[in-house]
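# Report on the structure
Spelled out, the chains give:
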Amino acid sequence: MARIVMKFGGTSVADVERIRQAARHVKREVDAGNEVAVVVSAMSGKTNELVGWVNSASRLHDAREYDAVVASGEQVTAGLMAIVLSDMGIPSRSFAGWQVPIHTDDAHGAARITGIEPEALTSRMAEGIVPVVTGFQGVSPSGRITTLGRGGSDTSAVAVAAAVGADRCDIYTDVDGVYTTDPRIVPKAQRLNRIAFEEMLEMASLGAKVLMIRSVELAMAHKVRLVVRSTFDDPDAPQIAPDGTPGIPGTLVCDEEEIMEKQIVSGVTLAKSEAKITLRDVKDKPGVAAAIFGTLADQSIVVDMIVQNISDDGATTDITFTVPESEYDKAVATLEGAGDRIEYAKLSGSKGGAKISVVGVGMRSHAGVASSMFKALADKGINIQLITTSEIKTSVLIDEQYAELAVRALHTYYGLDKQ
Ligand code: ADP
Ligand code: ASP
Ligand code: MG
């Protein structure tokens, strides 16, 4: 017997029929003698609709009320799932975040889980009752509903899995695993049987939305075995692992040591809507970068790639960095309004950038990945605007109109295309 947390994303609970299909996956695990807790997202499209309502009510709304509204989608699906499960003869009870409780900080709209009291869930599971927990939400120290940021139900699921000491956390979604790149962009993308936590972390932070970054961080920290698998698989078919033996279908996210054949490049990611800002002739002295990025951080503007040039004359230098396109106007206004705290000769910038990255733990021990990436892009005539690297990834900023072309070219170049 195993203890399993099963998370169903938006497409998996898009309507009552789909909820019934998801419930059959739950039934299979319960019938096999496992203890199960379920975490659900809102029906697909619902959260967008709720966000739209909030924005049309008022652009400058209170973040606490935003959370009160947008968290409601998950409450609907949790209740429906509990009803459907009970109907199938599986005793079940729904839990909103505050009922578990799932404690978070008070950063409304992007709250972090600070702790989960597992007793309500574990005691139900021990009684043979399947608790169905709302994803995406928790409760703040002052008792208000919070949400975890878009895609947050993955994080709820992993946090619940860690809290109840689950043997596994299965993420049911509309693809049958983690692919070498977004299969919607590259139909030749291949499913990975296994991916290392570190690689998944990079892929998630670089634009692969199949798992929310924070969920991967939590799984890595708490050693939760995480599986990404398809909700569309026949719930009653024999369970076959990727190697063809009986087991769990999908992609296992696991420790690097559990992966025999390490690829140099495991995946290619794409993040669009990046904007670039350059400050020319910034004073080349201690504290300047701190002043620039401190001022932006004070406005909660998230900066991504940063490049600073070597100073030519020892007096001034240029700094270029990227921010999400949606933050561009605010970032420019913040820097222009900073007065003599930040001295520079000229500010320039542009929207419409895309960040393309190649990721793989094998890069640690292989030289030349960056240069081959630049060559592959050059062969397609794609100009590189910015470059950043880490131990297991190389990212470039390019013009957004070449984004898909670049992803496909790199995918082919690194031999990732399905034969
Ligand atoms: P859910 O609603 O179940 O949480 P999401 O839409 O958040 O599902 O995530 C699944 C989607 O992630 C897929 O439909 C796919 O288009 C996208 N995706 C992006 N990159 C990848 C990747 N490398 N592997 C698999 N899916 C990916
Ligand atoms: N419903 C939320 C969203 O759409 C959370 C999730 O689906 O993970 O962002
Ligand atoms: Mg998601």
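Read on for an overview of the structure.

A count of helices and strands for the protein gives 12 helices and 18 strands. For the protein, whose C-alpha radius of gyration is 23 Å, the value lies close to the compact-globule estimate of 22 Å for 419 residues. Projected onto its principal axes, the C-alpha coordinates of the protein cover approximately 75 × 50 × 35 Å. Considering the protein as a whole, with its 419 residues, one finds that 50% of them fall into the buried category.

Okay, the environment of M1 next. Within the element layout of this structure, M1 appears in the segment before β1 (3-8). A C-alpha to C-alpha distance of 37 Å links M1 and V265, two positions 264 residues apart in sequence.

Right, let's get into the packing of helix α11 (residues 369-379) against helix α12 (residues 403-413). Between α11 and α12, the shortest axis-to-axis distance is 10 Å and the interhelical angle comes to 125°. When the axis of α11 is compared with that of α12, the two are oblique. Seen along the crossing, α11 lies across α12 with a hand that is right-handed. On α12, the residues touching S372, M373, K375, A376 and L377 of α11 are A406, L410 and Y413. Residue classes in the contact of α11 with α12 are distributed as six nonpolar, one polar and one charged.

We now examine the nonpolar core. Among the nonpolar cores identified, the biggest contains 41 residues, and V5, V160, C169, M200, L211 and L226 are the most heavily contacted of them. Counting only elements with at least two residues in this core, the list comes to β2 (35-40), β5 (113-116), α5 (119-126), α6 (153-164), β9 (168-173), α7 (197-205), α8 (213-222) and β11 (226-230). If one sorts the elements of this core by residue count, α6 sits on top with six residues. The residues touching C169, leaving out its near neighbours within four places in the chain, are V5, A157, V158, A161, V224, R225, L226 and V227.

The next subject is the side chain of E74. Within the secondary structure layout, E74 lies in helix α4 (residues 72-87). Despite its burial, E74 pairs with no opposite charge; the closest candidate is R150, at 7.6 Å N-O. Residue contacts for E74: discarding those within four places in its chain leaves V40, S41, A42, T47, T134, G135, F136, Q137 and S153.

Further remarks concern the side chain of T278. As for its placement among the helices and strands, T278 is situated in strand β13 (residues 267-283). A polar contact is formed between the side chain of T278 and the side chain of T320, at a distance of 3.0 Å. Leave out the neighbours within four places in its chain, and T278 touches I319, T320, K346, L347 and S348.

All right, on to the sheet that holds strand β12 (residues 251-254) then. One open sheet holds the eight strands; their spatial order is β3-β6-β2-β1-β9-β11-β12-β10, and the pairing between them is mixed. A single partner strand is all that each edge strand has here, and the edge strands are β3 (92-95) and β10 (194-196). Taken over all neighbouring pairs, the strand axes of this sheet differ in orientation by 20° on average, direction set aside. Bridge count between β3 and strand β6 (residues 130-134): four bridges; the pairing is parallel.

Take the packing of helix α9 (residues 288-298) against helix α10 (residues 328-336) next. Relative to each other, α9 and α10 sit at 125°, their axes nearing to 10 Å. Between α9 and α10, the crossing angle belongs to the class labelled oblique. α10 is crossed by α9, and the crossing has right-handed handedness. On α10, the residues touching I292, T295 and L296 of α9 are A331, T334 and L335.

Let us look at the sheet that holds strand β16 (residues 346-359). The six strands are arranged β14-β15-β13-β16-β18-β17 in an open sheet whose pairing can be described as antiparallel. Of all the strands in the sheet, the pair left with one neighbour each is β14 (306-308) and β17 (386-390). Neighbouring strand axes in the sheet, compared pairwise and without regard to direction, differ in orientation by 25° on average. The sheet contact formed by β14 and strand β15 (residues 316-324) spans three bridges and is antiparallel. Across the sheet, I306 pairs through a bridge with F321, a residue of β15. Contacts between α11 and the sheet are confined to β16, β17 and β18 (393-399), with β18 contributing the most and set at about 25° to the helix. Against the sheet, α12 engages β13, β16 and β18, with an angle of about 120° to β13.

Definitions and limits used
Residues numbered from 1 in each chain as written. Chains lettered and ligands numbered in written order. Predicted model: local features only at pLDDT ≥ 70, side-chain atom pairs only at ≥ 80, totals over all residues. Heavy atoms only, no water. Helix = DSSP H or I, 4+ residues; strand = E, 2+ residues; numbered from the N terminus. Rg over C-alpha atoms; globule rule 2.2 N^0.38 Å. Buried < 20%, exposed > 50% of the residue type's maximum accessible area, 1.4 Å probe, protein only. Axes fitted to C-alpha atoms, helices over the stretch in contact; angles between N-to-C directions. Parallel < 35°, antiparallel > 145°, perpendicular 65-115°, else oblique. Left-handed = near helix turned anticlockwise from the far one by under 90°. Contact = heavy atoms within 4.5 Å. Nonpolar A, V, L, I, M, F, W, Y, C, P; charged D, E, K, R; others polar. Core = buried A, V, L, I, M, F, W, Y, C linked by side-chain atoms within 4.5 Å. Lys, Arg positive; Asp, Glu negative; His and termini not counted. Salt bridge = Lys/Arg side-chain N within 4 Å of Asp/Glu carboxyl O. Polar contact = N/O pair within 3.5 Å; in protein donor to acceptor, adjacent residues only side chain to side chain. Pairing = 2+ DSSP bridges.

Remember, this is a structural readout, not a statement about activity or role.
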